[in-house]
Amino acid sequence: MRRQNKIIKTFYTILILMTVIFASASCTQPQNAEKVVKGFFKEFETSNFDQMKQYCTDSFVKDYFHDGDVYSIKNATLKKCDKYQKPSDYADNLECYYVTVSGEITDNSSLDKDSNEYSFFIVLENNDNCEWKIQNFYSGL
């Protein structure tokens with residue numbers, strides 16, 4: 001009987017260890033951050049703001065999503081997306097992209113109204129669920 005209990009305890013210990021190992025291993029291959037940027041702008045082409053939110057942190061949604069625009073842009077088509085070397089003081093779970101978009105801006109936008117092309121940095125964060133989410137837009141890093 002003791003031998004049987006020992007075997008059962010060993011089995012459960014191995015099962016728990018395997019669960020922990022596989023759970024942590026799933027984080028070693030997070031989704032591609034560039035795909036998040038491209039997915040976000042695919043929805044932005046048609047001003048699909050509700051679908052765009054899935055690609056963003058909650059704080060980004062709160063700070064940048066307004067009634068009918070994001071970052072003073074009504075719609076945007078991604079023209080160029082380049083991974084950018086993030087500043088050395090940025091955390092390991094962040095990635096930066098420099099994007100160029102064409103789109104329509106709001107009347108009160110600080111962006112150049114004589115242009116329909118805009119470039120800026122996007123910072124993404126890899127969260128606890130191993131998901132890349134857009135954390136911020138910057139005009140300069």
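On a predicted model such as this, the values are computed, not experimentally measured, just so you know.

Basis of the calculations
- Residues numbered from 1 in each chain as written.
- Predicted model: local features only at pLDDT ≥ 70, side-chain atom pairs only at ≥ 80, totals over all residues.
- Heavy atoms only, no water.
- Helix = DSSP H or I, 4+ residues; strand = E, 2+ residues; numbered from the N terminus.
- Buried < 20%, exposed > 50% of the residue type's maximum accessible area, 1.4 Å probe, protein only.
- Contact = heavy atoms within 4.5 Å.
- Areas by Shrake-Rupley, 256 points an atom, 1.4 Å probe, with all protein chains shown as cover.
- Salt bridge = Lys/Arg side-chain N within 4 Å of Asp/Glu carboxyl O.
- Core = buried A, V, L, I, M, F, W, Y, C linked by side-chain atoms within 4.5 Å.
- pLDDT = per-residue confidence, 0-100.
- Pairing = 2+ DSSP bridges.

Q: Account for the overall build of the chain, naming residues and giving values.
A: Along the chain, the regular secondary structure elements total four helices and six strands. Reading the helices (α) and strands (β) of the chain from amino to carboxyl end gives α-α-α-α-β-β-β-β-β-β. The proportion of buried residues among the 141 residues of the chain is 35%. Sequence separation of at least 24 residues holds for 52% of the intrachain contacts in the chain that already meet a minimum separation of 6. When the accessible surface of the chain is totalled, it reaches about 9,400 Å², and 48% of it is carbon and sulfur.

Q: Describe the environment of lysine 86, listing the residues and the values that go with them.
A: Structurally, the position occupied by lysine 86 is in the loop between β3 (73-84) and β4 (94-105). Along the primary structure lysine 86 and valine 123 are separated by 37 residues, whereas in three dimensions their C-alpha atoms are 8.7 Å apart. Once residues within four sequence positions are removed from consideration, lysine 86 is found in contact with Ala91, Asp92, Leu94 and Cys96.

Q: A description of the pattern of salt bridges should follow, citing residues and the corresponding values.
A: For the structure on display, the rule yields five salt bridges. For the salt bridge of aspartate 82 with lysine 80, the shortest nitrogen-to-oxygen distance reads 3.7 Å. Judged by relative accessible area, which is 32%, aspartate 82 ranks as partly exposed. Overall, the relative accessible area of 48% leaves lysine 80 in the partly exposed class. Of the charged contacts in the structure, one is a salt bridge between lysine 83 and glutamate 95, with a shortest N-O distance of 3.5 Å.

Q: Before we move on, can you summarise the nonpolar core with the specific residues and values?
A: Counting residues in each nonpolar core, the largest one holds 30 residues, and the members touching the most others are Phe40, Phe41, Val70 and Phe137. Here the element with the most residues in this core is helix α2 (residues 33-44); it accounts for six residues.

Q: An account of the confidence of the model for the chain is needed here, citing residue identities and associated values.
A: Looking at the chain as a whole, the pLDDT averages 85, with 77% of positions reaching at least 70. For the chain, the element scoring lowest by mean pLDDT is helix α1 (residues 2-25), at 53; helix α3 (residues 49-52) scores highest, at 98. Below a pLDDT of 50 lies the segment residues 17-26, which in the model reaches one contact outside its immediate sequence neighbourhood of four places, other chains included.

Q: Give me the lowdown on the pairing of strand β6 (residues 132-138), citing residues and values where you can.
A: Here β6 lies mainly inside the structure; five of its seven residues are buried. As judged from the six bridges shared by strand β5 (residues 117-126) and β6, these two strands associate in the antiparallel manner. From the neighbouring strand, phenylalanine 121 faces β6, where its bridge partner is tyrosine 138. The hairpin formed by β5 and β6 contains five residues between the paired strands, and cysteine 130 there has a positive phi angle of roughly 65°.

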